[in-house]
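Observations on the model geometry
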Amino acid sequence: MLLQDKVCVIVGASSLRGIGYATAELFAQNGARLALVDLSMDEGIVGDIASSIASSIGHRPLIAGLRCDIENPADCERAVAEVVARFGTIDCLVNCAGIVQARAMLSIAETDYDRVLGVNLKGAFNICKSALAVFAGKKAGVIINLASVAAQRGGGLVGGAHYAASKGGVVSLTRTIAREFGPVGVRANVVCPSMVETGMLDGLTREKFDEIVSAIPLQRAGRPLDVAGACLFLASDLSAYVTGATIDVNGGSHIH
Ligand SMILES: NC(=O)c1ccc[n+]([C@@H]2O[C@H](COP(=O)([O-])OP(=O)(O)OC[C@H]3O[C@@H](n4cnc5c(N)ncnc54)[C@H](O)[C@@H]3O)[C@@H](O)[C@H]2O)c1
């Protein structure tokens with residue numbers, strides 16, 4: 001098993017339809033111990049997640065659920081401290097938390113900008129910083145941040161300019177972490193999915209969805225497990241010499 005006994009913190013993992021959940025399930029299947037962190041996490045949700053994973057992989061994994069608003073640095077510090085208190089350490093952070101907003105540039109209000117950048121970029125910065133304090137101390141650790149094809153192609157299929165800019169920031173942030181913390185044994189990589197069938201697409205019309213799919217070389221939308229597979233590779237020692245990389249999970253929709 002690729003992640004046997006590794007303590008993996010997955011942020012943005014409260015929806016059974018989300019990339020965070022798919023990653024949690026795949027990591028559990030590979031022996032990881034899980035701390036699932038989300039703004040909307042509660043005992044009921046973590047119970048549902050544990051049951052769902054158990055019915056899929058055949059045993060109930062070790063899971064802690066923590067509520068945390070990653071926009072708030074103190075909340076991130078507390079969540080990371082709670083994980084360390086509960087599991088003794090952290091080996092891997094996967095940050096899947098994010099929000100999207102479909103807005104044309106001229107319709108993006110300052111409050112929209114602050115909200116999207118606040119969660120997607122400041123939040124990524126905060127949670128990475130908290131985890132890095134642990135990783136620097138133990139001279140080991142892995143960070144995987146979720147950005148988006150929107151960061152690469154000039155705008156999202158769903159999100160506006162503020163979403164694309166926030167995800168561009170996540171790419172830069174991750175590369176900088178890789179460079180700064182490589183010498184102390186920490187790897188950091190970023191995954192750029194395109195359209196993945198999660199709750200994030202709920203606002204998309206069937207016509208728009210079909211139009212986008214018809215232009216994807218692999219002729220389908222992404223599934224949460226497609227992204228989870230890339231995260232598993234990046235979290236495990238299979239990628240021991242990979243850092244600062246951007247891994248596209250986009251069905252060929254953006255080849256560059
Ligand atoms: N679904 C797609 O098509 C797609 C495409 C490209 C990139 N992404 C990115 O992948 C990641 C996962 O998205 P998803 O599709 O699974 O969506 P999702 O909505 O299921 O997951 C996002 C999670 O982030 C949590 N969250 C929001 N604000 C938070 C905060 N302040 N603190 C803590 N948690 C917070 C939400 O509660 C939610 O559980 C996101 O970063 C998203 O931008 C998704």
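These lines cover the structure that appears in this document, whether it is placed above or below. (Residues numbered from 1 in each chain as written. Predicted model: local features only at pLDDT ≥ 70, side-chain atom pairs only at ≥ 80, totals over all residues. Heavy atoms only, no water.)

**A look at the site of the ligand**
Note the following rule: It suffices for a single heavy atom of a residue to lie within 4 Å of a molecule or strand for the residue to be listed as near it. Counted as a polar contact is a pair of N or O atoms within 3.5 Å, where, for protein atoms, one must be capable of donating a hydrogen and the other of accepting one, and residues adjacent in sequence contribute only when both atoms are in side chains. Throughout this entry, Asp, Glu, Lys and Arg are counted as charged residues, while Ala, Val, Leu, Ile, Met, Phe, Trp, Tyr, Cys and Pro are counted as nonpolar. The remaining residues, Gly among them, count as polar.
Surrounding the ligand, one finds 28 residues, the nearest of these being Asp38, Tyr163, Lys167, Val196 and Thr198. Note that an oxygen atom of the ligand is positioned 2.5 Å from one of the side-chain N or O atoms of Thr198. Considering only residue class, the shell around the ligand consists of 16 nonpolar, 9 polar and 3 charged.

**As for the pattern of salt bridges**
Threshold: The rule for a salt bridge is simple: a side-chain nitrogen of Lys or Arg has to be within 4 Å of a carboxyl oxygen of Asp or Glu. Each helix corresponds to a stretch of at least 4 residues labelled H or I by DSSP, and each strand to a stretch of at least 2 residues labelled E; elements are numbered beginning at the N terminus. Buried means the residue's accessible area, taken with a 1.4 Å probe over protein chains only, is under 20% of the maximum for its type, while exposed means over 50%, and partly exposed covers the values in between.
In this structure the tally under the stated criterion is 9 salt bridges. Notably, a salt bridge pairs Asp202 with Arg17, separated by 2.8 Å at the nearest N-O pair. One end of the pair, Asp202, is in the loop between strand S6 (186-193) and helix H7 (206-214); the other, Arg17, is in the loop between strand S1 (7-11) and helix H1 (19-29), with 185 residues separating them in the sequence. Look at Arg17 and you get partly exposed, because its relative accessible area is 46%. For Lys208, the salt bridge goes to Glu211, with nearest N and O atoms at 3.7 Å. One end of the pair is Lys208 and the other is Glu211, both in helix H7 and 3 residues apart, which spans about a single turn.

**Details of the environment of Met1**
This is how the line gets drawn: We call two residues in contact when some of their heavy atoms are within 4.5 Å.
Of note, Met1 is situated in the segment before S1. The class of Met1 is exposed, set by a relative accessible area of 64%. Along the chain, Met1 and Ser236 lie 235 residues apart, while their C-alpha atoms are 9.6 Å from each other. Setting aside residues up to four positions removed in sequence, Met1 forms contacts with Gln29, Asn30 and Gly31.

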